[in-house]
Amino acid sequence: MLAAHALGSADSRDTTLVDALLKASAEFSGIWSEHPVMGPYCAPKRIEHPHVGSLELHGQSLIDPDQSQILTVFTAQPGSESHEKLQFLSVLAGQLIRGTADEKPGSRPESDTRP
């Protein structure tokens, strides 16, 4: 309901329903004001990464009501093997980015045999 309400206009049916529930129920008002759900929850996903192998990630989709876009953010449970692998990948990516930035335009490592 929160997602539909976020995407709807001020005069939509869901806004009318939410307004009526806010007036009629203190319990609903309390839950609604906390916004306990930011977006749809994604079931755990297994992703095979070429450098670290299998990752089990949990996702949450965040809705941008102004742009009608959805951003899904994947995270690993803290302390899990997947969490450690993600931390390793963040270090590896930083090194790769710095290595690319350090190269001069048009230069390639000697091991690169591309034409």
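Residues numbered from 1 in each chain as written. Predicted model: local features only at pLDDT ≥ 70, side-chain atom pairs only at ≥ 80, totals over all residues. Heavy atoms only, no water.

1. Some remarks on the overall build of the chain
Rules: In DSSP terms, a helix is any run of H or I states spanning at least four residues, a strand is any run of E spanning at least two, and both are numbered starting from the N terminus. Pairs of residues are marked as contacts when any of their non-hydrogen atoms sit within 4.5 Å. Note on areas: these come from Shrake-Rupley sampling with a 1.4 Å probe, and a residue is covered only by the protein chains present in the view.
Scanning the chain for helices and strands turns up four helices and three strands. Along the chain, helices and strands appear, N-terminal first, in the series α-α-α-β-β-β-α. Put simply, 29% of the contacts in the chain that link residues at least 6 apart link residues at least 24 apart. Summed over its atoms, the accessible surface of the chain is roughly 8,900 Å², and 57% of this surface lies on carbon and sulfur atoms.

2. Some words on the confidence of the model for the chain
Rule in force here: Per-residue confidence from the predictor is reported as pLDDT, a score between 0 and 100.
For the chain, per-residue confidence averages 77 on the pLDDT scale, and residues scoring 70 or more make up 70% of the total. Across the chain, element-level confidence peaks in strand S2 (residues 53-64) with a mean pLDDT of 86 and bottoms out in helix H1 (residues 2-7) with 59.

3. Examining the pairing of S2
Defined as follows: Pairing between strands is defined by DSSP: at least two bridges between the two strands are required.
Bridge count between S2 and strand S3 (residues 69-75): seven bridges; the pairing is antiparallel. Looking at S3, one finds that Ile63 is bridged to Ile70. Between S2 and S3, which pair antiparallel and follow one another directly, the connecting turn spans four residues, one of which, Ser68, has a positive phi of 55 degrees.

4. A few points about helix H2 (residues 13-24)
Here is the rule: Here the expected length of a helix is defined as 1.5 Å per residue gap, with one fewer gap than residues. Throughout, exposure labels follow a simple rule: accessible area from a 1.4 Å probe, protein chains only, divided by the maximum for the residue type, with under 20% read as buried, over 50% as exposed, and the rest as partly exposed. In this description, one arc is meant: the one made by directions from the helix axis to the C-beta atoms.
A rise of 1.5 Å per residue sets the reference length of H2, with its 12 residues, at 16 Å; its end C-alpha atoms lie 17 Å apart and thus fit the reference within 8%. The set of residues buried in H2 consists of Asp14, Thr15 and Val18. Considered in projection along H2, the buried side chains sweep an arc of 100 degrees and stay on one side of the axis. For H2, exposure combined with an orientation more than 90 degrees from the buried face picks out Arg13, Thr16, Lys23 and Ala24.

5. Notes on the side chain of Ser61
Rules: Pairs of N or O atoms within 3.5 Å make up the polar contacts considered here, provided that, within protein, one atom can donate a hydrogen while the other can accept it, and that residues adjacent in sequence are counted only when both atoms are side-chain atoms.
Looking at the secondary structure, you find Ser61 in strand S2. By relative accessible area, Ser61 is classed as buried at 8%. Side chain to side chain, Ser61 and Thr72 meet in a polar contact 2.9 Å long.

6. Looking at the environment of Leu55
With respect to the secondary-structure elements, Leu55 resides in strand S2. In sequence terms Leu55 and Pro44 are 11 residues apart; their C-alpha atoms lie 9.9 Å from each other. In this structure Leu55 touches Lys45, Arg46, Ile47, His49, Ser82, Lys85, Leu86 and Leu89, once residues within four positions along its chain are discounted.

7. Focus on the pattern of salt bridges
Side chains that carry opposite charge are capable of pairing whenever their charged atoms lie near each other. Note the threshold: Whenever Lys or Arg places a side-chain nitrogen within 4 Å of a carboxyl oxygen from Asp or Glu, that contact is recorded as a salt bridge.
With the rule as written, the count across this model stands at two salt bridges. With a shortest N-O distance of 3.3 Å, Arg46 and Glu56 are connected by a salt bridge. Linking Arg46 in strand S1 (residues 41-49) with Glu56 in strand S2, this pair joins segments that are 10 residues apart in sequence. Looking at Arg46, the relative accessible area reads 62%, which means it is exposed.

8. With respect to the packing of H2 against helix H3 (residues 26-34)
Here is the rule: Axis lines are fitted through C-alpha atoms, for helices just across the contact stretch, and the angle between N-to-C directions can take any value from 0 to 180 degrees. In these notes the angle categories are as follows: under 35 degrees is roughly parallel, over 145 is roughly antiparallel, 65 to 115 is roughly perpendicular, and the rest is oblique. Residue classes follow a fixed rule: Ala, Val, Leu, Ile, Met, Phe, Trp, Tyr, Cys and Pro count as nonpolar, while Asp, Glu, Lys and Arg count as charged, and any other residue, Gly among them, counts as polar.
Contact pair H2 / H3: the axes reach a minimum separation of 6 Å and the direction vectors enclose 120 degrees. By the angle between their directions, the pair H2 and H3 is classed as oblique. The residues of H3 that touch H2, namely those facing Val18, Leu21, Leu22 and Ala24, are Ala26, Phe28, Ser29 and Trp32. Looking at side-chain class alone, the contact of H2 with H3 contains seven nonpolar, one polar and no charged residues.

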